[in-house]
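Coordinate analysis (summary)
Single-letter residue listing:
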Amino acid sequence: MGLSSTPRDRSRIAALAAGDAEAIGALRSRIARGLRAALARRSGICEADIEDFTQDAVTRVLAGLDSFRHESAFDTWAMAVAVRVAFTALRRRRWTPASVDERLESLTRGAWAATPESERARAELHALLHELIATGLTPRQRAALLGELDGVPQVALAERFGVSPGAIYKMTHDARRKLKRLLEARGYDAAAIASVLADGR
Amino acid sequence: MGLTSDQINTLAQLVVDTAAAEIDCDEFLRRVGELAAALAEPATSTRSLREAAQHLKVCPECQEELRALLEILELESR
Ligand SMILES: [Zn+2]
């Protein structure tokens with residue numbers, strides 16, 4: 001794996017930008033091979049899926065040539081784009097807006113699991129987090145944070161709320177920052193939380 | 001809220017790992033090649049890489065994608 005783009009990378013990028021069929025074909029077969037390997041162990045994926053993901057990835061790479069930073073090998077970046085395209089499509093496939101709603105409903109209304117009494121310090125932190133999530137976050141921040149924590153993909157949350165995945169990231173980041181601030185105000189700075197978490201590990 | 005005890009601990013750890021300014025998943029994708037290269041050459045440390053590494057701590061989806069990418073690169077280098 002090269003550490004940064006090479007003169008050969010630069011000439012290939014120029015060929016791709018110019019629409020050179022041979023360069024595009026080579027990119028396509030390389031991406032298809034990589035995705036086939038990465039997805040080989042996953043169930044429910046057929047060759048037509050690989051072809052679809054590859055086609056979308058090639059389109060994304062060609063459209064994003066300008067955003068390639070030349071700080072890694074071009075092939076590594078192109079493959080990272082392909083993995084993003086394929087994994088996003090697979091995450092979207094597993095969730096419908098209705099199943100996202102159902103999950104969020106149970107996450108925001110269901111009861112917390114009880115922390116064993118033997119872990120008193122943790123139980124206190126858990127109770128405080130519960131209170132701060134319920135009172136300190138907006139309903140959307142709460143839903144995005146808990147959904148993401150429970151494995152609901154950003155892309156599924158984004159579709160449900162009619163916003164971009166980037167906006168979901170911003171919501172959860174804002175939520176984490178708010179919780180951090182509120183916890184600090186209640187005497188739990190990062191070191192205190194880390195020590196509670198390390199206790200009993 | 002229906003969370004397990006483990007998920008609540010994960011959340012507490014996420015709060016610890018939260019930075020005031022973070023790059024998002026799109027920016028991570030722009031830097032991930034650089035990060036993958038640096039993992040092979042651990043001496044490298046730039047601000048850009050440190051921000052990418054912090055993003056990984058708080059983003060399970062980018063973690064999942066990086067694992068897949070590294071697996072592909074490993075296969076290709078054989
Ligand atoms: Zn991410």
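If you're wondering where the values come from, they're calculated on a predicted model, not measured in any experiment. Starting afresh in each chain, residues are numbered from 1 along the sequence in its written order. Chain A is the first chain written and ligand 1 is the first ligand written, with later ones labelled in order. Confidence filtering applies because this is a predicted model: local features only for residues at pLDDT of at least 70, side-chain atom pairs given and counted only at 80 or more, and all residues used for totals across whole chains, interfaces and linings. Only heavy atoms go into the side-chain values, all of them from the structure, while hydrogens and water stay out.

Turning our attention to the layout of surface pockets. With a 1 Å grid laid over protein atoms only, a set of points is called a cavity when a 1.4 Å probe fits there but cannot get out and a pocket when it is open yet has protein on both sides within 12 Å along at least five of seven lines; lining residues have an atom within 4 Å of a point. Grid points are joined across faces, edges and corners, and a volume is the space filled by probe spheres set on the points. Approximately 330 Å³ is the volume found for the largest pocket. Along the walls of the largest pocket sit 20 residues, with Glu148, Leu149 and Gly151 of chain A together with Pro60 and Glu61 of chain B positioned nearest its centre. Each helix corresponds to a stretch of at least 4 residues labelled H or I by DSSP, and each strand to a stretch of at least 2 residues labelled E; elements are numbered beginning at the N terminus. Every element with two or more residues in the lining of the largest pocket is listed here: helix H4 (74–94), helix H7 (139–149) and helix H9 (165–185) of chain A together with helix H1 (5–17), helix H3 (47–58) and helix H4 (60–77) of chain B. Sort the elements by how many residues they give to the lining of the largest pocket and H4 of chain B lands first, with four residues. Just so you know the grouping, Ala, Val, Leu, Ile, Met, Phe, Trp, Tyr, Cys and Pro go in nonpolar, Asp, Glu, Lys and Arg go in charged, and all remaining residues, Gly too, go in polar. Of the residues that constitute the lining of the largest pocket, the class distribution is seven nonpolar, six polar and seven charged. Along the walls of the second largest pocket sit 15 residues, with Arg84, Thr88 and Pro165 of chain A together with Cys25 and Asp26 of chain B positioned nearest its centre. Counting residues per element, the ones that place at least two in the lining of the second largest pocket are H4, helix H8 (154–161) and H9 of chain A together with helix H2 (25–40) and H4 of chain B. Partitioned by chemical class, the residues of the lining of the second largest pocket number five nonpolar, three polar and seven charged. Residues lining the lining of the second largest pocket come from more than one domain, with at least three contributed by each of domain 1 (1–94) and domain 2 (97–201) of chain A. Boundary definitions for the domains trace back to an automatic or database domain assignment.

A few words on the coordination of the zinc ion. Residue and element names in this part refer to chain B. Distances from the zinc ion to its protein donors, namely Cys25 (SG), His55 (NE2), Cys59 (SG) and Cys62 (SG), fall within the range 2.1 to 2.3 Å. Each of the four donor atoms around the zinc ion contributes to a set of angles spanning 104 to 115 degrees, which defines the coordination as tetrahedral. For Na, K and Ca the donor cut-off is 3.2 Å, and for all other metals it is 2.8 Å, counting N, O and S atoms only; because water is absent from this set, sites may look incomplete. Donor residues for the zinc ion sit on one chain with the sequence pattern C-x29-H-x3-C-x2-C. Only protein chains enter the accessibility calculation, which uses a 1.4 Å probe; a residue whose area is less than 20% of its type maximum is buried, one above 50% is exposed, and one in between is partly exposed. With a relative accessible area of 0%, His55 lands in the buried category. A four-donor site is called tetrahedral if each angle lies between 85 and 135 degrees; a four-donor site is square planar, and a six-donor site octahedral, when trans pairs exceed 155 degrees and the remaining angles lie between 65 and 115; all other cases are labelled irregular.

Residue and element names in this part refer to chain A. Each nonpolar core is a collection of buried residues, namely Ala, Val, Leu, Ile, Met, Phe, Trp, Tyr and Cys, held together in the definition by side-chain atoms within 4.5 Å. By size, the foremost hydrophobic cluster in this structure holds 86 residues, and its most contacted members are Val61, Phe74, Leu179, Leu183 and Ile193. Top element by residues in this core is H4. It accounts for twelve residues. Shared between two domains, this core takes at least three residues from each, and those domains are domain 1 (1–94) and domain 2 (97–201). Here, two residues are considered to be in contact whenever any of their heavy atoms come within 4.5 Å of each other. Not counting chain neighbours up to four residues away, the residues in contact with Val61 comprise Leu27, Ile31, Phe74, Trp77, Ala78 and Val81.

For the rest of this paragraph, the subject is the domain arrangement of chain A. When the domains of chain A are assigned, the result is domain 1 (1–94) and domain 2 (97–201). Taken over C-alpha atoms, the centre of domain 1 of chain A sits 34 Å from the centre of domain 2 of chain A.

An α-helix turns once every 3.6 residues. As a result, residues three or four positions apart point the same way. Residue and element names in this part refer to chain A. Between the first and last C-alpha of helix H2 (residues 21–39) there are 27 Å, a value that for 19 residues agrees with the 27 Å anticipated at 1.5 Å per step. Listing the buried residues of H2 in full gives Ala23, Ile24, Leu27, Arg30, Ile31, Ala32, Gly34, Leu35, Ala38 and Leu39. Put simply, Asp20 is the residue that caps the front of H2, since its side-chain oxygen is 3.0 Å from the backbone nitrogen of Glu22. Take the residue count of a helix, subtract one, and multiply by 1.5 Å to get its expected span. Each polar contact in these results corresponds to two N or O atoms within 3.5 Å; when the atoms are within protein, one needs to be able to donate a hydrogen and the other to accept it, and residues that are neighboring in sequence are counted only if both atoms are side-chain atoms.

The next subject is the environment of Glu34 of chain B. Along the chain, the position of Glu34 of chain B falls in helix H2. Spatially, the C-alpha atoms of Glu34 of chain B and Leu49 of chain B are 7.4 Å apart, while their sequence positions differ by 15 residues. Discounting chain neighbours no more than four positions away, the residues touching Glu34 of chain B are Arg69, Glu71 and Ser72 of chain A together with Thr46, Ser48 and Leu49 of chain B. A distance of 3.4 Å separates a polar atom in the side chain of Glu34 of chain B from a polar atom in the side chain of Ser48 of chain B.

At the interface, 60 residues of chain A touch 51 residues of chain B. Simply put, the buried area is the total loss of 1.4 Å probe accessible area from both parts when two parts are fitted together. When chain A packs against chain B, close to 4,800 Å² is buried across both sides, 62% of that on carbon and sulfur atoms. A per-residue breakdown of the area chain A buries against chain B is headed by Arg84, Leu149 and Tyr169 of chain A, which together make up 15% of the total. In what follows, salt bridge is the name for a side-chain nitrogen of Lys or Arg lying within 4 Å of a carboxyl oxygen of Asp or Glu. Connecting chain A to chain B are eleven salt bridges. A salt bridge links Glu65 of chain B to Arg91 of chain A; the shortest N-O distance between them is 2.8 Å. Run the count over chain A and chain B and you get 21 residue pairs in polar contact (both at pLDDT 80 or more).

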